[in-house]
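Report on the structure
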Amino acid sequence: MSRASPISRRRRVSLSSTRAAAFAPATLTIDLSALAANWQLLRDRASPAECAAVVKADAYGIGIEPAVRALWGAGCRTFFVAHLSEAGRVRTELPEATIYVLNGLLPDAAPGYPPGKLRPVLGSAEELRDWAAFCDSEGARLPAAIHVDTGMNRLGLPPSEAIALRGDPLLTHFEPALLMSHLVAAEVAQDPVNAAQIAAFAAIRSAHPGIPGSLANCSGLFLPEAPMHDLVRPGYALYGGNPTPGRPNPMRPVVRLEARILQVREIGPGDRVGYNGRWSAPGRRRVATLSVGYADGYPRVAGATDADAEAGLDRGAALVGGVLCPFVGRVSMDLIVLDVTDAPASEAKRGGTAVLIGDGLDLDEVGRRAGTIGYEILTGLGRRYARRYVGA
Ligand SMILES: *Cc1c(COP(=O)(O)O)cnc(C)c1O
């Protein structure tokens, strides 16, 4: 597939990025100055602990290269990704950055780490031994993080094993650069699991006084106990998500999603909308069709059915002329239908604009209306939107 001649490749690029963007039916605007400001707000909150940035999953969907350039410009020097392939992309942009790979070390994966450049987060005795053996073969004590599982039961050493590592010669074969754990429910400040994890992690750290520690994700930064340790690892809040659900969002919005209206039609009582006619009009309605669908990452279940209406569930919605217009019928692959009866006719027309994320319809609200969380909306943002980066 990389056989295309330079000429045909150039022609393809000009078609997709220049002309198509001008007529884009849906545009995703990403504000890199808001991203930088959000990182700086969290840095100030965490200080004197260092503030890293979690940029896994293509920087939560906004594009890892522009995101890490903006974060580096703001002063961020430590980055966390999930996959080694993502680490390579950060390394290419930022040769000086410290980069941790959260998802641990598969058997035989150690040689995939360029010496001293990328740091695995080791989560089991086997992973520790593999990394130690790799360091021996390289003749260097290479840095890595040690992940301890204090409640997620997902990745990491059990606390007892982590404590028993005290004085283990294994730790002399590599450089234990960070001791970390991950909070299960930091966004629910009153959940007692927070205090239990904070205490468990403090006990583990006291067994390893020489190793810097890291516990807090973005919501962890806002817990009353503020378990900052030496390094904090915010993700979602950097991208505008609310780290304190149910309380005002201290972060600036980073993403804005707008779609143009393709068609508007009048329908009568009982007329059905979308596949399988899952929604029927309660009266005369004006409905508008947008060029966004589940193939763009907008969840199919965000569209209201008659059953949702009966249950009083508020499903997905978009703002047209500042008026909140509910989705009607399930979301299709490439299309969403809105009830625009209450929107001003000056905007609710062919070519008009609907705001799907933005103007107070924030990520958390969009996630809630789709029966999920803002994280999933953000990381699912499709590749088909015309992407516009501002504030670089
Ligand atoms: C994803 C992740 C984070 C970032 O969490 P947010 O809730 O997005 O701030 C931090 N640490 C680990 C281990 C993670 O997997």
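The shown structure was predicted, so the numbers you read here are calculated from the model rather than taken from an experiment. (Residues numbered from 1 in each chain as written. Predicted model: local features only at pLDDT ≥ 70, side-chain atom pairs only at ≥ 80, totals over all residues. Heavy atoms only, no water.)

Details of the packing of aromatic side chains
Describing an aromatic ring pair means giving the distance of the ring centres and the angle of the ring planes. Scanning the entire structure with this criterion turns up 7 aromatic pairs. Through successive ring pairs, a cluster of aromatic residues spans Tyr60, Tyr236, Tyr239 and Tyr375. Its guanidinium or amino end placed over the ring of tryptophan 72, arginine 77 lies 3.7 Å from that ring's centre, counting from NZ or CZ. (Phe/Tyr/Trp six-rings, centres within 6.5 Å; stacked < 30°, edge-to-face > 60°. Lys NZ or Arg CZ within 6 Å of the ring centre and 35° of its normal.)

Thoughts on the packing of helix H4 (residues 64-74) against helix H5 (residues 84-93)
Between H4 and H5, the shortest axis-to-axis distance is 9 Å and the interhelical angle comes to 50°. It follows that H4 is oblique to H5 by the angle criterion. Every pair of crossing elements has a handedness; the one defined by H4 and H5 is right-handed. Contacts between H4 and H5 involve Ile64, Glu65, Val68 and Arg69 on the former and, on the latter, Glu86, Arg89, Val90 and Glu93. In terms of residue class, the contact of H4 with H5 is made up of 3 nonpolar, no polar and 5 charged. (Axes fitted to C-alpha atoms, helices over the stretch in contact; angles between N-to-C directions. Helix = DSSP H or I, 4+ residues; strand = E, 2+ residues; numbered from the N terminus. Parallel < 35°, antiparallel > 145°, perpendicular 65-115°, else oblique. Left-handed = near helix turned anticlockwise from the far one by under 90°. Contact = heavy atoms within 4.5 Å. Nonpolar A, V, L, I, M, F, W, Y, C, P; charged D, E, K, R; others polar.)

What about the domain arrangement of the chain?
How big an interface is tends to be stated in terms of the accessible area lost upon association of its parts. Splitting the chain by domain gives domain 1 (32-239) and domain 2 (255-390). Computed over C-alpha atoms only, the centres of domain 1 and domain 2 are separated by 37 Å. On the domain 2 side, the residues contacting the 13 residues of domain 1 number 11 residues. Between domain 1 and domain 2, the buried area comes to about 1000 Å², and carbon and sulfur atoms account for 56% of it. The largest per-residue losses of area from domain 1 upon contact with domain 2 belong to Tyr60, Ile62 and Tyr236, which jointly make up 53% of the total buried on that side. (Domains from an automatic or database assignment. Buried area = accessible area lost by both parts, 1.4 Å probe.)

Re the site of the ligand
Around the ligand lies a shell of 13 residues, among which Lys56, Tyr60, Gly235, Tyr236 and Tyr375 are the nearest. Between the ligand and the protein, one listed contact pairs an oxygen atom with a side-chain N or O atom of lysine 56 at 2.7 Å. In the model, a nitrogen atom of the ligand is placed 3.4 Å from a nitrogen or oxygen of the histidine 182 side chain. Counting atoms within 2 Å of the grid points, the majority share of the ligand lands in the largest pocket. Residues of the shell around the ligand, tallied by class, amount to 8 nonpolar, 3 polar and 2 charged. (Near = heavy atom within 4 Å. Polar contact = N/O pair within 3.5 Å; in protein donor to acceptor, adjacent residues only side chain to side chain. 1 Å grid on protein atoms, 1.4 Å probe; cavity = no way out; pocket = protein on both sides within 12 Å on 5 of 7 lines; lining within 4 Å. Sits in = over half its atoms within 2 Å of the grid points.)

Side note on empty space enclosed by the protein
In the structure shown here, the tally under the stated rule is 1 cavity of 30 Å³ or more. When its volume is computed, the largest cavity comes out at roughly 50 Å³. The wall of the largest cavity is formed by His147, Val148, Asp149, Thr150, Met152, Arg154, Leu155, Ser181 and His182. When grouped by side-chain class, the residues that make up the lining of the largest cavity number 3 nonpolar, 4 polar and 2 charged. (Points joined across faces, edges and corners; volume = space filled by probe spheres on them.)

Let's talk about the pairing of strand S7 (residues 143-147)
Side-chain direction in a regular strand flips from residue to residue, so the side chains alternate between the two faces of the sheet. Counting buried residues along S7, 5 of its 5 residues qualify, which places the element largely inside the surrounding structure. Neither face of S7 is exposed, since Pro143, Ala145 and His147 on one face and Ala144 and Ile146 on the opposite face are all buried. At this point the chain moves from strand S6 (residues 118-122), through helix H6 (residues 125-138), to the parallel S7, and the crossover so formed is right-handed. Bridge analysis of S7 against strand S8 (residues 175-180) gives 5 bridges, and the strand direction is parallel. Directly across from alanine 144, in S8, lies its bridge partner proline 176. (Buried < 20%, exposed > 50% of the residue type's maximum accessible area, 1.4 Å probe, protein only. Right-handed = clockwise from strand over helix to strand, strands pointing away. Pairing = 2+ DSSP bridges.)

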